[in-house]
Amino acid sequence: MKLTTKQLTLCGILTTLALALSVAENQIPLSLAIPIPGIKLGLANIVTVFALYVLGPAQAVLILLARCLLGAVFAGNMNALLFSLMGGFAAMGVMILLSRLRGLSVYGVSIGGAAAHNCGQIAAAVLSLGNTAPLYYLPILLGVSLLTGALTGLMAACLFRALAHTDLMKG
Amino acid sequence: MTLRSWRKVGTPMNTSPKLRPGLWDALVVLVVAALAVSCGWTVWDGQDRGTELTAVVSVDGAETERLPLKEAAGTERTIHAGGYTLRLRLTETEIWVESADCPTQDCVHTGHISRGGQSIVCLPARVIIQLEGGERVDTGVDAVIG
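Every chain begins its residue count from 1, and numbering advances along the sequence as written. Ligands are numbered from 1 and chains lettered from A, in the order in which they are written. Local features in this predicted model are restricted to residues of pLDDT 70 or higher, and side-chain atom pairs are both shown and tallied only at a pLDDT of 80 or more, whereas totals for entire chains, interfaces and linings draw on every residue. In computing side-chain properties, one takes all heavy atoms of the structure into account and sets aside hydrogens as well as water.

> Looking at this structure, I do not really get the overall build of chain B. What am I missing?
Within chain B, the regular secondary structure consists of five helices and seven strands. The way it works is that DSSP assigns letters per residue, a run of H or I at least four long becomes a helix, a run of E at least two long becomes a strand, and they are numbered from the N terminus. Helices and strands appear in chain B in the N-to-C order α-α-β-β-α-β-β-β-α-β-β-α. The cut-offs for exposure are 20% and 50% of the maximum accessible area for each residue type, with area from a 1.4 Å probe on protein chains only; residues under the lower value are buried, those over the upper are exposed, and the others partly exposed. Of all 146 residues assigned to chain B, the portion counted as buried reaches 38%. Accessible surface for chain B amounts to roughly 8300 Å². Of this, 55% is attributable to carbon and sulfur atoms. Here, Shrake-Rupley sampling with a 1.4 Å probe gives the accessible areas, and only protein chains in the shown set may cover a residue.

Below, the structure written as structure tokens:
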């Protein structure tokens, strides 16, 4: 895969943005309202949705990989890497498939991605703890992903509207 | 994947995404909701009932302690795991983490658990406290969160 300078720059900026959003959402104590380990808004998913449509799946995967690796390095927690990779790639896989369906809007794609992200994270928790107890949280997390997915979908839709006049959207 | 489709990957999509939710999006919502319900059905309903309520403590995936709540009622336990310390409190009907020195505090925020199948998970310390047995009770979603 060959990247143009513009694409490479955009990938770098989007990776930074995704990392910044992850840090920012850690300041929002969603886990106080719903006390489940690892529950979050998934704001970084906006970047993934955006990259998927504007840059295509290959570069979206690159951005995701860079985000997960750098995020784990910054947090100094390699255990978290498994969680973000499994969640991130489950979401990416589902969103690549869903984004190919003509009938779906960014909302559907984003909700599907959020649900898959939670499934991936629960799978990581089951693997890492060697116990199926985390499965107990899956139904609640899936329910929550309807809301968080719709929220990130809304923000992605706003983003696409705001950038509609730029040459970014024309590829 | 053929070479041609690989080449297509990585080139920007020329069709702009749909920005308004439609019927197909509702279908995705339905599928996720159905998954949540069916998953809740299997996970929350498949517990052994009719035995004494017992708290099972696991560290790193291995069971370390079984505490029948009737016998252990009124006591306090301290769990050292993964460099963290969790203080457990037990009554005849409930168990909860009173305090922990982990950075996330999810286990403390989970609060009291009192039914078979419920669990408190502490990811940093890799500790799971799971309740087994107890009377059969209908599990409503509202009760699980608290």
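There is more to say after this.
> Which parts of the structure should I look at to understand the packing of helix α6 (residues 106-129) of chain A against helix α7 (residues 138-162) of chain A?
Packed helices, taken two at a time, are described by their axes: the angle between them and the distance between them. Residues and elements named next belong to chain A. Between α6 and α7, whose axes approach to 7 Å, the crossing angle comes to 140°. Comparing the axis directions of α6 and α7 gives the class oblique. Pair α6 / α7 crosses with right-handed handedness. Side-chain classes are defined by residue name, with Ala, Val, Leu, Ile, Met, Phe, Trp, Tyr, Cys and Pro counting as nonpolar, Asp, Glu, Lys and Arg as charged, and the others, Gly among them, as polar. For the contact of α6 with α7, the class distribution of residues is 15 nonpolar, seven polar and no charged. Every axis in this analysis is a line fitted to C-alpha atoms, fitted for helices over the stretch in contact. Angles between the N-to-C directions lie between 0 and 180 degrees. The labels follow the angle: roughly parallel below 35 degrees, roughly antiparallel above 145, roughly perpendicular from 65 to 115, and oblique for the rest. For a crossing to be left-handed, the near helix must be turned anticlockwise from the far one by less than a right angle; the clockwise case is right-handed.

> Help me understand the state of the cysteines in this model?
By definition, a disulfide is the covalent link that joins the sulfur atoms of two cysteine residues. Here, two cysteine sulfur atoms that lie within 2.5 Å of each other are counted as a disulfide. In this structure the tally under the stated criterion is zero disulfides over all chains. The thiol of C119 of chain A is unpaired, and the distance to the nearest cysteine sulfur, on C39 of chain B, comes to 7.6 Å. The class of C119 of chain A is partly exposed, set by a relative accessible area of 32%.

> How should the interface of chain B and chain A be read in this particular structure?
Note on interface size: it is often stated as the accessible area lost on association of the parts. When checking whether two residues touch, look at their non-hydrogen atoms; a contact exists if any pair is within 4.5 Å. Every contact between the two is made by 41 residues of chain B and, on the other side, 52 residues of chain A. Here the quantity called buried area is the accessible surface, traced with a 1.4 Å probe, that two parts lose on coming together, added over both. For the pair chain B and chain A, the summed buried surface comes to about 4100 Å²; carbon and sulfur atoms form 68% of the total. For this document, the term salt bridge refers to a Lys or Arg side-chain nitrogen within 4 Å of an Asp or Glu carboxyl oxygen. For the pair chain B and chain A, the interface holds zero salt bridges. In protein, a polar contact requires one atom able to donate a hydrogen and another able to accept it; more generally it is a pair of N or O atoms within 3.5 Å, and residues adjacent in sequence count only if both atoms are side-chain atoms. For the interface between chain B and chain A, the tally reads six residue pairs in polar contact (both at pLDDT 80 or more). At the level of secondary structure, the elements contributing two or more residues to the side of chain B that touches chain A comprise α2 (23-45), α4 (106-110), β6 (119-122), β7 (127-132) and α5 (141-145) of chain B. With twelve residues, α2 of chain B is the single largest residue contributor to the side of chain B that touches chain A. Partitioning the side of chain B that touches chain A into residue classes produces 22 nonpolar, 13 polar and six charged.

> Can you help me understand the nonpolar core in this one?
Note that soluble globular proteins tend to have their nonpolar side chains buried in a common cluster. Joining through side-chain atoms within 4.5 Å is the link that ties buried Ala, Val, Leu, Ile, Met, Phe, Trp, Tyr and Cys residues into a set, and such a set is a nonpolar core. The biggest cluster of nonpolar side chains holds 57 residues, and the ones touching the most others in it are L14, L55, V106 and F160 of chain A. Not counting residues within four places of it along the chain, the set of residues in contact with L14 of chain A comprises V47, F50, A51, L55 and I63 of chain A.

> So what exactly am I meant to see when it comes to the pattern of salt bridges here?
Charged atoms that come close allow side chains of opposite charge to pair. Residue and element names in this part refer to chain B. On inspection of all chains with the given rule, the structure shows seven salt bridges over all chains. Of the charged contacts in the structure, one is a salt bridge between E76 and R87, with a shortest N-O distance of 3.1 Å. Taken together, the residues span a long stretch of sequence, with E76 in strand β3 (residues 76-81) and R87 in strand β4 (residues 84-90) at a distance of eleven residues. Among the residues examined, R87 registers a relative accessible area of 30% and is labelled partly exposed.

> Explain the packing of helix α3 (residues 44-54) of chain A against helix α5 (residues 78-99) of chain A here, please?
Residue and element names in this part refer to chain A. In contact at an axis separation of 11 Å, α3 and α5 are set at 40° when each is read in the N-to-C sense. Here α5 runs oblique to α3, going by the angle between their axes. Crossing hand, α3 versus α5: right-handed. In this structure, α3 contributes N45, T48, V49, L52 and Y53 to the contact, and α5 contributes M92, M95, I96 and S99. Tallied by class, the residues present in the contact of α3 with α5 amount to six nonpolar, three polar and no charged.

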